[in-house]
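# Fold and contact review
Residue-level listing of the chains:
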Amino acid sequence: MVGALGRSLSRTRARLSDALRHLVPSQKPDEETLEALEEALIAADVGPTTALRLVENLRQAPVDDESPPERLRAAMLETLAKSKTEGNGPPDGRPQVILLVGVNGSGKTTTAAKLGARYVAQGRSVIFGAADTFRAAGVEQLEVWGARLDVSVIAHQPGGDPAAVVYDTCEAGRSRGINVVLIDTAGRLHTKDNLMAELSKIHRAAAKVIEGAPDEVWLVLDATTGQNGLRQAEEFLQHAGVTGLILAKLDGSAKGGVALAIAETLDLPIRFVGTGEGIDNLAPFDAEAYVDGLLGEDQ
Ligand SMILES: Nc1nc2c(ncn2[C@@H]2O[C@H](COP(=O)(O)OP(=O)(O)OP(=O)(O)O)[C@@H](O)[C@H]2O)c(=O)[nH]1
Ligand SMILES: [Mg+2]
């Protein structure tokens, strides 16, 4: 059975399928096959280091190796196992505070809505904080989702201080006994120091109301940007205390191999992937389903 995660990898899988066709059981791959595979892996944004390592693993395989495809699958799973999978989990007796950060248009607001829907479906109460005070449209977007999900949205006037919104949202979450405080922030370039400094201020505002908050800072990456997302992650990790990643728009991406590059390079769990624009199009990241989605036959 192919799940949403596997289906969302169809474009990435298409990039790999030609090269994979020559990798068959009971046959040692020739040099041409290995080179084509390395190129295809790089094209799918697995990253040059990981691509080389995966191919080298096949090249060095013992002559009696039964199944090169199985060997590749195992090596990919091993790469993914390098990164953490567990998050901090919800704390006891107070709201869990989750902050969504990322560059412009990466999918933060949509992901906030999807997460809200997911938690509500799990029976947890949710409140949204619209800390994107740059764009009135950003606040409206969250309010539309809030109304649909019957989730309150804390918002201020456009141009206001995002840290103040965070403060008020945490305060409302605490006084109302809410389970999850989900904060959507404005898109920011990872290269702009002042915007990164604003994130520290947001952190402090949350901690002022709820000791230990934020519990999670999830960086929403646009999976269609591939390797560029990796550079963003490194910057956000340094400046914003990121605790996990969400790979949005995996469904539209031919660069979905980036999860392997992330696992190879960053000690951060990929928590969820975006599998479409709909409210239900969010799947927990699952290494096996992901690798099967990359290597599997086209549906
Ligand atoms: N196909 C697909 N589209 C997505 C996914 N997640 C978000 N989008 C689309 O990406 C576009 C941008 O999403 P937003 O959630 O507004 O992104 P944002 O990061 O909040 O943008 P800014 O607030 O402007 O920085 C919208 O058209 C979304 O519908 C996904 O998983 N799959
Ligand atoms: Mg937004």
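Counting restarts for each chain, with residues numbered from 1 along the sequence as it is written. Each chain is given a letter, starting from A, and each ligand a number, starting from 1, according to the order in which they appear as written. Owing to the predicted nature of the model, reporting of local features is limited to residues with pLDDT of at least 70; listing and counting of side-chain atom pairs is limited to 80 or more, with chain, interface and lining totals taken over all residues.

This paragraph deals with the site of ligand 1. In the vicinity of ligand 1 lie 20 residues, with Gly107, Thr109, Thr110, Gly187 and Gly274 positioned nearest. Per the convention used, a helix needs a DSSP run of H or I reaching at least four residues, while a strand needs a run of E reaching at least two, with both numbered from the N terminus. Here the shell around ligand 1 gets three residues from one element, more than from any other, and that element is helix 6 (residues 108-121). To decide nearness, the C-beta atom of each residue is placed from the backbone, and the residue is near a molecule or strand if that atom lies within 6 Å of it.

This part takes up the nonpolar core. When buried Ala, Val, Leu, Ile, Met, Phe, Trp, Tyr and Cys residues are joined through C-beta atoms within 7 Å, the set is termed a nonpolar core. Exposure classes come from backbone-placed C-beta atoms, where a residue is buried if 20 or more other C-beta atoms lie within 10 Å of its own, exposed if 12 or fewer do, and partly exposed in between. Core analysis: the largest hydrophobic core is formed by 86 residues, its most contacted members being Val166 and Leu247. Looking at this core, the element that brings in the most residues is helix 11 (residues 258-265), giving six residues.

Under the convention used throughout, the expected extent of a helix is 1.5 Å for every residue step, that is, one less than its residue count. Given a rise of 1.5 Å per residue, 13 residues ought to cover 18 Å, and the 18 Å separating the end C-alpha atoms of helix 3 (residues 31-43) matches this to within 8%. If you check which residues of helix 3 are buried, you get Thr33, Leu34, Leu37, Glu38 and Leu41. Relative to the axis of helix 3, the buried residues are bounded by an arc of 135° and lie together on one face. Exposed side of helix 3, more than 90 degrees from the buried face: Glu31 and Glu32 are the residues found there. On its buried face, helix 3 sits against helix 2 (10-21) and helix 4 (48-59). Note that the arc is defined by the directions from the helix axis to the C-beta atoms. We call two residues in contact if the C-beta atoms placed from their backbones are at most 7 Å apart.

A large share of strand 1 (residues 96-101) lies buried, amounting to six of its six residues. A two-sided burial pattern is seen for strand 1, the buried positions comprising Gln96, Ile98 and Leu100 on one face and Val97, Leu99 and Val101 on the other. DSSP bridges decide pairing: two strands pair if at least two such bridges lie between them. Summarising the sheet, strand 1 and strand 4 (residues 180-185) pair through five bridges and their orientation is parallel. Counterpart to Val97 in the pairing with strand 4 is Val181. Taken together, the four bridges between strand 1 and strand 5 (residues 216-222) define a ladder with parallel strand orientation. For Leu100, the partnering residue across the bridge sits in strand 5 and is Trp218.

This brings us to the environment of Ala197. Here Ala197 lies in helix 9 (residues 193-209). On the basis of neighbour count, Ala197 is assigned to the exposed category, with 11 C-beta atoms found within 10 Å. Ala197 sits 144 residues away from Arg53 along the chain, and the two C-alpha atoms are 37 Å apart.

Looking now at the sheet that holds strand 2 (residues 126-131). Judged by pairing direction, the sheet is mixed, and its eight strands sit side by side in the order 3-2-4-1-5-6-7-8 without closing on themselves. On the outer flanks of this sheet lie strand 3 (152-154) and strand 8 (282-284), each paired with one strand and no other. In this sheet, adjacent strand axes meet at a mean angle of 25° when their direction is disregarded. Two strands pair when backbone bridges link them, and strand 5 and strand 6 (residues 244-248) are joined in this way by five bridges, in the parallel orientation. Orientation is described by lines fitted to C-alpha atoms, with helices fitted over the stretch in contact, and by angles between N-to-C directions that extend from 0 to 180 degrees.

Right, let's talk about the pairing of strand 7 (residues 270-274) for a bit. For strand 7, the tally of buried residues reaches five of five residues, placing the bulk of the element in the interior. Inspection of the sheet shows strand 6 paired to strand 7 by three bridges, in the parallel sense. If you follow Ile246 over to strand 7, its bridge partner there is Phe272. A crossover links strand 6 with its parallel partner strand 7, the connecting element being helix 11, and its sense is right-handed. Note that strand 7 and strand 8 share three bridges and pair antiparallel. Considered in strand 8, the bridge of Phe272 is made with Pro284. Crossovers are described as right-handed under a simple rule: with the strands pointing away from the observer, the path leading from the first strand over the helix to the second runs clockwise.

Between its terminal C-alpha atoms helix 4 stretches 16 Å, which fits the 16 Å expected from 12 residues at 1.5 Å a residue. Here helix 4 has its buried residues at Thr50, Ala51, Leu54, Val55 and Leu58. One face of helix 4 carries all of its buried residues, which in axial projection span an arc of 125°. Set apart from the buried face of helix 4 by more than 90 degrees, the exposed residues are Pro48 and Thr49.

This part takes up the packing of helix 4 against helix 5 (residues 68-80). Interaxial distance between helix 4 and helix 5 falls to 9 Å at its minimum, and their mutual angle equals 140°. Between helix 4 and helix 5, the angle is such that the two are oblique. Handedness of the crossing formed by helix 4 with helix 5: right-handed. Within the contact between the two elements, helix 4 uses Thr50, Leu54, Asn57 and Leu58 and helix 5 uses Pro68, Arg71, Leu72, Ala75, Met76 and Thr79. Note on residue categories: nonpolar means Ala, Val, Leu, Ile, Met, Phe, Trp, Tyr, Cys or Pro, charged means Asp, Glu, Lys or Arg, and polar means any other residue, Gly included. Residue composition of the contact of helix 4 with helix 5, by class: six nonpolar, three polar and one charged. Relative orientations are named as follows: roughly parallel for angles under 35 degrees, roughly antiparallel for angles over 145 degrees, roughly perpendicular for angles from 65 to 115 degrees, and oblique for any other angle. Should the near helix be turned counterclockwise from the far one by less than a right angle, the crossing is left-handed, whereas a clockwise turn marks it as right-handed.

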